[in-house]
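# Observations on the model geometry
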Amino acid sequence: VELLALDRYGIAMDSDRQSICDYVSEHPERVCIILDGLDETSLQDCSEFVQRVIGGQTLQGIRLIITSRPCPSMFALSDTKQFQHRVELVGFRPADVETYVKKVLRREEAEALLVEVRKDQQLASMMATPFIAKETCRVYHHDRFVPRCVADIFERMIVRVASLRARQPYKNWSDIPQRTQKLVLDLGSFAFDMLIKQRLIFTEEDIQGHSLSEEAIALGLLVTCDPSRKDSNNRWRFSHLTMQESLAAKYQVCCKPM
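A few points on the structure.

## Examining the overall build of the chain
- Counting its secondary structure elements, the chain contains 13 helices and five strands.
- Expressed as a percentage of the 258 residues in the chain, the buried residues total 36%.
- By sequence separation, contacts in the chain at least 24 residues apart represent 55% of the contacts at least 6 residues apart.
- Here the chain has roughly 16400 Å² of accessible surface; of this, 51% comes from carbon and sulfur atoms.

Listed below in structure tokens is the structure:
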């Protein structure tokens, strides 16, 4: 998209890049542009060229795929007739959130958590994702803690794993013994290295090459893709992509100078 924008505004570029732009202009029907995560910006913040692409005012004939969580930008696009197909992964609507919370928590707990949800727009948006709603209820039930962002939830999940391992009711990261903290940070170092390499699935060689101990693996944050396999060809992943990102961030914060 950046190259096409440069070409449209007449900015000189090398022959290889120019040939790409010429091909797109001559064969738009063979081009697919993917704008992934529109909710992470806004239409107003996009470049003028990208806005024109989305609006169908330039590069007509291309295939355009946009992914986004529910957000004002997507609602604005819903009013246009440019898109032939819309696919929606429907999460919890506000009424569904209330129903779910009341089903999984005791009455007093549910009412107290819903008070927080109603007054915090970000928390309400998070609860639209069923997995986040489930973990928010779990965290609130165990700790009476109200997460204000997704990072809070995964931080509590890490603390919960450490608590189960030690059979001690830890409340915060600082409560966890240093030995267990080191195991978590070892996983964080591995998670960070794999993210840098753009790896989400790992081999036994990756595990051994990073010298992860059996104790670190036994925490349960790193799981096998196929639990039925016990041979050396098995592959591994973190229990959730955001868990890999959270562990990598924890390692960076705790082990790297700012």
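## Brief notes about the packing of aromatic side chains
- Applying the stated criterion across every chain yields a total of six aromatic pairs.
- Note on Phe131 and Phe154: the rings are 6.2 Å apart at their centroids and 40° apart in plane angle, and the pair reads as tilted. Separated by 23 residues along the polypeptide, Phe131 in helix H8 (residues 130-143) and Phe154 in helix H9 (residues 150-166) bring together distant segments of the chain.
- A relative accessible area of 0% means that Phe154 is categorised as buried.
- Where Phe202 meets Phe238, the ring centres are 5.7 Å apart and the plane angle is 75°; that geometry is what we call edge-to-face. In this pair, Phe202 is assigned in strand S3 (residues 202-203) and Phe238 in strand S5 (residues 235-238), connecting sequence segments 36 residues apart.
- Assessed through its relative accessible area of 0%, Phe202 is described here as buried.

## Focus on unusual backbone geometry
- If you check the backbone angles, Arg144 has positive phi at about 55° while not being a glycine.
- Turning to its location among the elements, Arg144 is positioned in the loop between H8 and H9.
- Note on Arg144: relative accessible area 46%, which makes it partly exposed.

## Things to note about the sheet that holds S3
- Spatially, three strands are ordered S3-S5-S4 in an open sheet, and the strand pairing comes out antiparallel. Strands at the two margins of the open sheet, each flanked by one partner only, are S3 and strand S4 (222-224).
- In the packing of helix H10 (residues 178-196) onto the sheet, the strands contacted are S3, S4 and S5, and the crossing angle to S5 comes to about 100°.

## Here's the deal with the pairing of S5
- Only one face of S5 is covered, namely the face carrying Trp236 and Phe238; the face carrying Arg235 and Arg237 is uncovered.
- Where S3 and S5 come together, two bridges link them in antiparallel fashion. Residue pairing in the sheet places Phe202 in a bridge with Trp236 of S5.
- Pairing between S4 and S5: three bridges, direction antiparallel. If you follow Val223 over to S5, its bridge partner there is Arg237.

## Description of the layout of surface pockets
- Approximately 200 Å³ is the volume found for the second largest pocket.
- Lining the second largest pocket are 13 residues, with Arg138, His142, Asp143, Arg156 and Arg160 positioned closest to its centre.
- Elements supplying a minimum of two residues to the lining of the second largest pocket: H8 and H9.
- Looking at side-chain class alone, the lining of the second largest pocket contains five nonpolar, two polar and six charged residues.

## Quick look at the pattern of salt bridges
- As enumerated under the stated definition, the model contains 15 salt bridges in all.
- Ionic pairing is found between Glu109 and Arg144, a salt bridge with its closest N-O pair at 2.8 Å. Note that Glu109 is positioned in helix H6 (residues 107-119) and Arg144 in the loop between H8 and H9, a separation of 35 residues in sequence.
- For Glu109, a relative accessible area of 4% corresponds to the buried category.

## Quick notes on the environment of Arg30
- In this structure, Arg30 sits in the loop between helix H2 (15-26) and strand S1 (32-36).
- For the pair Arg30 and Arg63, spaced 33 residues apart in the sequence, the C-alpha separation amounts to 7.9 Å.
- A distance of 3.3 Å separates a polar atom in the side chain of Arg30 from a polar atom in the side chain of Tyr23.

## Here's the deal with the environment of Ser163
- Relative to the helices and strands, Ser163 resides in helix H9.
- A residue is classified by how much of its surface remains accessible, and Ser163, at 7% relative accessible area, is buried.
- Dropping the residues within four chain positions of it, Ser163 is found in contact with Gln168, Pro169 and Tyr170.
- A polar atom in the side chain of Ser163 sits 3.1 Å from the backbone nitrogen of Tyr170.

## Considering the side chain of Ser189
- Turning to its location among the elements, Ser189 is positioned in helix H10.
- Of note is the side chain of Ser189, whose polar atom sits 3.4 Å from the side chain of His210.
- Sequence-distant contacts of Ser189, that is, excluding residues within four places in its chain, are made with His210 and Tyr251.

Rules behind the numbers
- Residues numbered from 1 in each chain as written.
- Predicted model: local features only at pLDDT ≥ 70, side-chain atom pairs only at ≥ 80, totals over all residues.
- Heavy atoms only, no water.
- Helix = DSSP H or I, 4+ residues; strand = E, 2+ residues; numbered from the N terminus.
- Buried < 20%, exposed > 50% of the residue type's maximum accessible area, 1.4 Å probe, protein only.
- Contact = heavy atoms within 4.5 Å.
- Areas by Shrake-Rupley, 256 points an atom, 1.4 Å probe, with all protein chains shown as cover.
- Phe/Tyr/Trp six-rings, centres within 6.5 Å; stacked < 30°, edge-to-face > 60°.
- Pairing = 2+ DSSP bridges.
- Axes fitted to C-alpha atoms, helices over the stretch in contact; angles between N-to-C directions.
- 1 Å grid on protein atoms, 1.4 Å probe; cavity = no way out; pocket = protein on both sides within 12 Å on 5 of 7 lines; lining within 4 Å.
- Points joined across faces, edges and corners; volume = space filled by probe spheres on them.
- Nonpolar A, V, L, I, M, F, W, Y, C, P; charged D, E, K, R; others polar.
- Salt bridge = Lys/Arg side-chain N within 4 Å of Asp/Glu carboxyl O.
- Polar contact = N/O pair within 3.5 Å; in protein donor to acceptor, adjacent residues only side chain to side chain.

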